Amino acid sequence: MAPPNSGVHHISNPCIYGGFVSSYAERKSRFMKWLGKLFKSGSNRGGARGGVGGRAHPQLLGEENMVCSAPARSLDDRSRAGKEGEELDHALALSTAEDWKRPSGYRWGTKDEDLARSLQGTLNSSSFPSYDIPQYYPRNCYVAAANVTLALANIWDAWENIFIQSAFRCCSCGYPITETEFSLSGKDPYHKSCFKELTHPKCEVCHQFIPTNASGLIEYRCHPFWSQKYCPSHEHDNTARCCSCERLESWDARYYSLEDGRRLCLECMESAIMDTGDCQPLYHAIRDYYEGMIMKLDQEIPMLLVQRQALNEAIVGEKNGYHHMPETRGLCLSEEQTVASIQKRPKIGGYRLVGMRTESRKLTRKCEVTAILVLYGLPRLLTGAILAHELMHGWLRLKGYRNLNPEVEEGICQVLSYMWLESELPGSKGMPSTSVSTSAASSSSSSSSSSSKKGGKSHVENKLGEFFMHQIAHDATPAYGEGFRAANAAVSTYGLRRTLDHIRYTGNFPL
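Residues numbered from 1 in each chain as written. Predicted model: local features only at pLDDT ≥ 70, side-chain atom pairs only at ≥ 80, totals over all residues. Heavy atoms only, no water.

An unreviewed UniProt entry lists the protein chain under the name protein DA1-RELATED 2, with Salix koriyanagi as the source organism.

Have a look at this one:
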């Protein structure tokens, strides 16, 4: 047999397959089927070339005639051919889907698609027998091989895209990031919406994202103690504010409305004192606290809980004292007046306190102090801090401290208020020291608060106590704020007793 002259063979005469001579059209169809089988089974049977496995090699009889022996096709060959056909179907489907996503100028040509479909049809044919492949290839096989390579490349791109999308996930929600824009924090990717949810502050009143101002910056208000963040607009849109802890009312919570127009949050409402009778045990405990520090009050000073209107009317008739505006919550009276005190606590009707009963009381002056008035409806610790402050005013007047300037008088009264709160909250940290250089200070702490500590206070009440101490320590007014800090420095250095003696003789704090 003479070797072929080139790698291209033209078949013009009939080809004999097992004694059957076919027409030209049938011969061309079978050749195409053979060509398809070449690309699918050549890699699996590379070692079979050259007679490996005992199979007979095809013989070339001249350049025009070719005689091949046709061995019987086994069941394994047929099942393998079917499985290979299914795999190619799946690969072509993925490639077609990826091709339609490409711009129109980058799609495959129509001829390439027809050739790929022709190859697929040859593999799905169940009537074509299995043959060993001769060691020469027609020219068109190279074109087909290039197209199959392109198909495999597109399939690889599709699987690569699927892998990248499955690996490129948002570090917040865990879902794949498929958008063209996303956010990065360090090396961690996020959806833009997830990143905004994590980093953009939300208003704790309306629970919406805090809007940006005209400069594109996020502007919000934040309470210095509670760290409550809210939109600046809520300071002017009549959003309710608790009269005790100063927090704004959230849209998902309701505050209680008092009859004098004030609002009270649920946490402050838990320990609120509503009438004069309920306040008497606390008042006597604070008097005992003074007595334990050798500051006994010689006179019985009446104490009344009143509404805001009655307190404001009493302030107008009072000649002495410096009053903390705009909201005064306690008053040490030195003038004779008629005051309406609360005798029966109101009842809760929905989110309103109703049914309060008041009684007018004529206050006559028997000494330098007529009475102590305190605003009703405040938490126990805040009510006690106000009582401690006003009792110090009474003690100074009863002991003959006259004509003190507001910074000195209000400052030392704030120190006593702070010290009482500190005794109610043992272990308080981060606050100014108010140590007293007398041994009576420690015993007074236990005597004044024995009734309140029997059952212990809740975490909410302790937090409120810390807030009231924070208010005193960080007050910005000259009399109450600067006065407290100057008085506290003197008491911390010289002790309470020596500081009071210095005030009696000089009218100022010791330096």
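Once you've had a look at it, read on.
Peer 1: How do you make sense of the overall build of the protein chain when you look at a structure like this?
Peer 2: A tally of helices and strands in the protein chain yields 15 helices and 19 strands. Counting over 511 residues, the protein chain shows a buried share of 42%. Partitioning the contacts of the protein chain with sequence separation of at least 6, the portion at a separation of at least 24 is 65%. Of the accessible surface of the protein chain, which amounts to about 27,900 Å², a share of 53% is contributed by carbon and sulfur atoms. (Helix = DSSP H or I, 4+ residues; strand = E, 2+ residues; numbered from the N terminus. Buried < 20%, exposed > 50% of the residue type's maximum accessible area, 1.4 Å probe, protein only. Contact = heavy atoms within 4.5 Å. Areas by Shrake-Rupley, 256 points an atom, 1.4 Å probe, with all protein chains shown as cover.)

Peer 1: Would you mind showing me how to read the environment of arginine 254 here?
Peer 2: Looking at the secondary structure, you find arginine 254 in the loop between strand S8 (229–230) and strand S9 (256–257). A sequence separation of eleven residues divides arginine 254 from cysteine 265, and the C-alpha atoms of the two residues are 7.4 Å apart. In this structure arginine 254 touches Glu249, Leu266 and Tyr351, once residues within four positions along its chain are discounted.

Peer 1: Which parts of the structure should I look at to understand the packing of aromatic side chains?
Peer 2: Using the criterion set out here, one finds nine aromatic pairs in the structure. The ring centre of phenylalanine 209 lies 4.7 Å from the NZ or CZ of lysine 196, which sits over that ring. A cation over a ring is seen here: arginine 247 above tryptophan 226, with NZ or CZ 3.9 Å from the ring centre. (Phe/Tyr/Trp six-rings, centres within 6.5 Å; stacked < 30°, edge-to-face > 60°. Lys NZ or Arg CZ within 6 Å of the ring centre and 35° of its normal.)

Peer 1: Explain the nonpolar core to me, please; I cannot follow it from the model alone.
Peer 2: Soluble globular proteins: nonpolar side chains tend toward being buried together. If you look at the biggest cluster of nonpolar residues, it comprises 87 residues, and the most contacted ones within it are Leu373, Leu387, Met392 and Ile412. Ranked by residue count, the leading element in this core is helix H9 (residues 380–398), at ten residues. Apart from residues no more than four positions distant in its own chain, leucine 387 is found in contact with Cys279, Leu282, Tyr283, Ile286, Met303, Ile372 and Val374. Judged by nonpolar contacts, the second largest core, of seven residues, contains Cys203, Cys206, Tyr230 and Leu248. (Core = buried A, V, L, I, M, F, W, Y, C linked by side-chain atoms within 4.5 Å.)

Peer 1: When you look at the side chain of arginine 380 in this model, what are you seeing that I'm missing?
Peer 2: Following the sequence through the fold, arginine 380 ends up in helix H9. A polar atom in the side chain of arginine 380 sits 3.3 Å from the side chain of glutamate 424. (Polar contact = N/O pair within 3.5 Å; in protein donor to acceptor, adjacent residues only side chain to side chain.)

Peer 1: Help me out: how do you make sense of the packing of helix H7 (residues 276–292) against helix H10 (residues 406–424) in this one?
Peer 2: What describes two packed helices is the angle between their axes and the distance between those same axes. Packing of H7 against H10 leaves a shortest axis separation of 12 Å and a crossing angle of 105°. It follows that H7 is roughly perpendicular to H10 by the angle criterion. Here Leu282, Ile286, Tyr289 and Tyr290 of H7 lie close against H10, whose contacting residues are Leu416, Met419, Trp420 and Ser423. Of the residues contributing to the contact of H7 with H10, the split by class is seven nonpolar, one polar and no charged. (Axes fitted to C-alpha atoms, helices over the stretch in contact; angles between N-to-C directions. Parallel < 35°, antiparallel > 145°, perpendicular 65-115°, else oblique. Nonpolar A, V, L, I, M, F, W, Y, C, P; charged D, E, K, R; others polar.)

Peer 1: Looking at this structure, how should I read H10?
Peer 2: Here H10 contains 19 residues, and its C-alpha end-to-end distance of 27 Å stays within 8% of the 27 Å for a straight helix at 1.5 Å per residue. Here H10 lies mainly inside the structure; 16 of its 19 residues are buried. (Expected span 1.5 Å × (residues − 1).)

Peer 1: Would you mind showing me how to read the pattern of salt bridges here?
Peer 2: Pairs can form between side chains of opposite charge whenever their charged atoms are close. Taken as a whole, this structure holds 13 salt bridges when the rule is applied. With a closest N to O distance of 3.6 Å, arginine 402 and glutamate 368 form a salt bridge. Note that arginine 402 is positioned in the loop between H9 and H10 and glutamate 368 in the loop between strand S17 (357–363) and strand S18 (371–375), a separation of 34 residues in sequence. On the basis of relative accessible area, glutamate 368 is assigned to the partly exposed category, the value being 30%. Arginine 380 serves as the salt-bridge partner of glutamate 424, at 3.3 Å between the closest nitrogen and oxygen. You can see glutamate 424 sitting in helix H10 and its partner arginine 380 sitting in helix H9, a full 44 residues away along the chain. Residues participating in the shared-partner salt-bridge network are Glu219, Arg221 and Glu235. (Salt bridge = Lys/Arg side-chain N within 4 Å of Asp/Glu carboxyl O.)

Peer 1: In this structure, what is going on with unusual backbone geometry? I would like to understand it.
Peer 2: Peptide bonds are trans in most cases, and residues, glycine excluded, mostly fall at negative phi. One non-glycine residue with positive phi stands out, namely glutamate 246, at about 75°. Along the polypeptide, glutamate 246 turns up in the loop between S8 and S9. Judged by its relative accessible area of 31%, glutamate 246 falls in the partly exposed class. Here the phi dihedral of asparagine 403 falls at roughly 55°; this positive angle occurs in a residue that is not glycine. Mapped onto the secondary structure, asparagine 403 falls in the loop between H9 and H10.

Peer 1: What is the right way to look at the packing of H9 against helix H13 (residues 459–473) in this model?
Peer 2: Where H9 contacts H13, the axes come no closer than 9 Å and their chain directions differ by 35°. By crossing handedness, the relation of H9 to H13 is classed as right-handed. Along its contact with H9, which presents Arg380, Leu381 and Leu382, the element H13 presents Glu461, Gly465 and Phe468. Of the residues assigned to the contact of H9 with H13, the class counts are three nonpolar, one polar and two charged. (Left-handed = near helix turned anticlockwise from the far one by under 90°.)

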